[in-house]
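An overview of the molecular structure
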Amino acid sequence: MIELFSADTPNGKKISIMLEEIEYEYKVTNVDLHEKKEQFKTEFRKISPFSKIPVIIDHNNNKEAIFESGAILMYLGERSNKFYDKENKLKINQWLMSQMGYVGPMIGQHHQFHHYHKGKSEFGEKRYFEITRRIYEDLDERLGQSKFLAGDKYTIADIATWPWIARHPIHDIGLSKFSHLSRWYLEISRRPAVVKGFKFMNKEIEIPLP
Ligand SMILES: N[C@@H](CCC(=O)N[C@@H](CS)C(=O)NCC(=O)O)C(=O)O
């Protein structure tokens, strides 16, 4: 059994979707990031040095806590032998690392300036709006050449990126204007494991359509 320490965020959803995809049994422990600020509790910091979700503990294998969503996806991909083909590892790693180092952090700033704290910084709003638009354009271009991010097959790179695009209603970029990105987004949205993993903390929410 895998224990998943998480919250209902794009980084959190990456792991619930992966666990659903590989059909591993898992138990979710909610970490209240806002009211109780449980990420800063001493016990949690022992398994997450930067006080961040997601974290997993694989009770059937190494029993060691694993933090960082990219590292967790690689671990689960290797352990299950799914969505992380050895022959295509170099490509998958590039698209996964781009998500980890660029797509997620930049869109995350866009959420802060454009959605959660609008009016606080004109510079921040403009900067991250533009960067998010460029990310949509660049992903659209890639997905015009390739079925999935790292090639013909759905991989952990798609699993890492999709939950960020699933917040498109608050981005105000207009996902439907990007035909290849929309095609990829919709195709992944129809996967039963994605539908289940998306609702891992809130059964009421629906995947937003472009
Ligand atoms: N690079 C990390 C980022 C994780 C992250 O930013 N988690 C956020 C929620 S999406 C968090 O735990 N924030 C709490 C905090 O920073 O206090 C990963 O991908 O696992």
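Quick caveat: nothing in here was measured; it's all calculated off a predicted structure.

Here is what the cut-offs are and how they apply
- Residues numbered from 1 in each chain as written.
- Predicted model: local features only at pLDDT ≥ 70, side-chain atom pairs only at ≥ 80, totals over all residues.
- Helix = DSSP H or I, 4+ residues; strand = E, 2+ residues; numbered from the N terminus.
- Rg over C-alpha atoms; globule rule 2.2 N^0.38 Å.
- Buried ≥ 20, exposed ≤ 12 C-beta atoms within 10 Å, placed from the backbone.
- Bend = angle between axes of the 7 residues up to and from the residue.
- Contact = placed C-beta atoms within 7 Å.
- Pairing = 2+ DSSP bridges.
- Axes fitted to C-alpha atoms, helices over the stretch in contact; angles between N-to-C directions.
- Core = buried A, V, L, I, M, F, W, Y, C linked by C-beta atoms within 7 Å.
- Domains from an automatic or database assignment.
- Near = placed C-beta within 6 Å.
- Nonpolar A, V, L, I, M, F, W, Y, C, P; charged D, E, K, R; others polar.

Within the protein one finds nine helices and four strands. Scaling as 2.2 N^0.38, a compact globule of 210 residues should have a C-alpha radius of gyration of about 17 Å, and the protein matches this with 17 Å. Along the three orthogonal principal directions, the C-alpha set of the protein runs to about 45 × 45 × 30 Å. Buried positions account for 36% of the 210 residues belonging to the protein.

Right, let's get into helix 4 (residues 89-116). For helix 4, the principal kink sits at Gln-99 and spans about 45 degrees. Packing partners of the buried residues in helix 4 comprise helix 1 (10-21), helix 3 (69-80), helix 5 (122-145), helix 6 (156-165) and helix 7 (168-171).

With that settled, consider the sheet that holds strand 3 (residues 55-58). Spatially, the four strands line up as an open sheet ordered 2-1-3-4, and their pairing is mixed. Edge positions in the sheet fall to strand 2 (26-30) and strand 4 (65-67), since each of these pairs with one other strand and no more. Here the strands of the sheet are splayed against their neighbours by 20 degrees on average, with no regard to which way each runs. As paired elements, strand 1 (residues 2-6) and strand 3 share four bridges and run antiparallel to each other. Note on strand 3: the bridge partner recorded for Phe-5 is Val-55. Across the sheet, helix 1 touches strand 1, strand 2 and strand 3, and the angle it forms with strand 1 is around 155 degrees.

Met-18, Leu-73, Leu-96, Ile-156, Ala-157, Ile-159 and Leu-181 are the most contacted members of the largest nonpolar core, which totals 49 residues. Ranked by residues supplied to this core, first place goes to helix 6 with seven residues. Taken together, domain 1 (2-83) and domain 2 (88-191) each give at least three residues to this core, which thus spans both. Ala-157 has contacts with Ile-92, Trp-95, Leu-96, Gln-99, Leu-149 and Ala-150, leaving out every residue within four places of it along the chain.

Along the chain, the position of Glu-25 falls in the loop between helix 1 and strand 2. Distance in space between the C-alpha atoms of Glu-25 and Glu-3 is 8.8 Å, their sequence separation being 22 residues.

Right, let's talk about the site of the ligand for a bit. Inspection of the region around the ligand gives Ala-7, Thr-9, Asn-11, Leu-33, Gln-39, Ser-51, Lys-52, Ile-53, Pro-54, Glu-68, Ser-69 and Met-100 as its neighbouring residues. A breakdown of the residues in the shell around the ligand according to their chemical character gives five nonpolar, five polar and two charged.

Looking now at the domain arrangement of the protein. The domain boundaries assigned to the protein delineate domain 1 (2-83) and domain 2 (88-191). For domain 1 versus domain 2, the distance between C-alpha centres works out to 21 Å. Across the boundary between the two partners, domain 1 contributes 13 residues, which contact twelve residues of domain 2. When contributions to the side of domain 1 that touches domain 2 are tallied by element, the ones reaching two or more residues are helix 1 and helix 3.

This next bit is on the pairing of strand 3. Note: strand 3 against strand 4, three bridges, orientation antiparallel. Residue Ile-56 lies in a different strand from strand 4, and its bridge partner there is Ile-66. Between strand 3 and strand 4, which pair antiparallel and follow one another directly, the connecting turn spans six residues, one of which, Lys-63, has a positive phi of 60 degrees.

Here the focus is the environment of Glu-130. Tracing the chain through its elements places Glu-130 in helix 5. Looking at Glu-130, the number of C-beta atoms within 10 Å reads 12, which means it is exposed. Placed 43 residues apart in sequence, Glu-130 and Ile-173 show a C-alpha to C-alpha distance of 9.4 Å.

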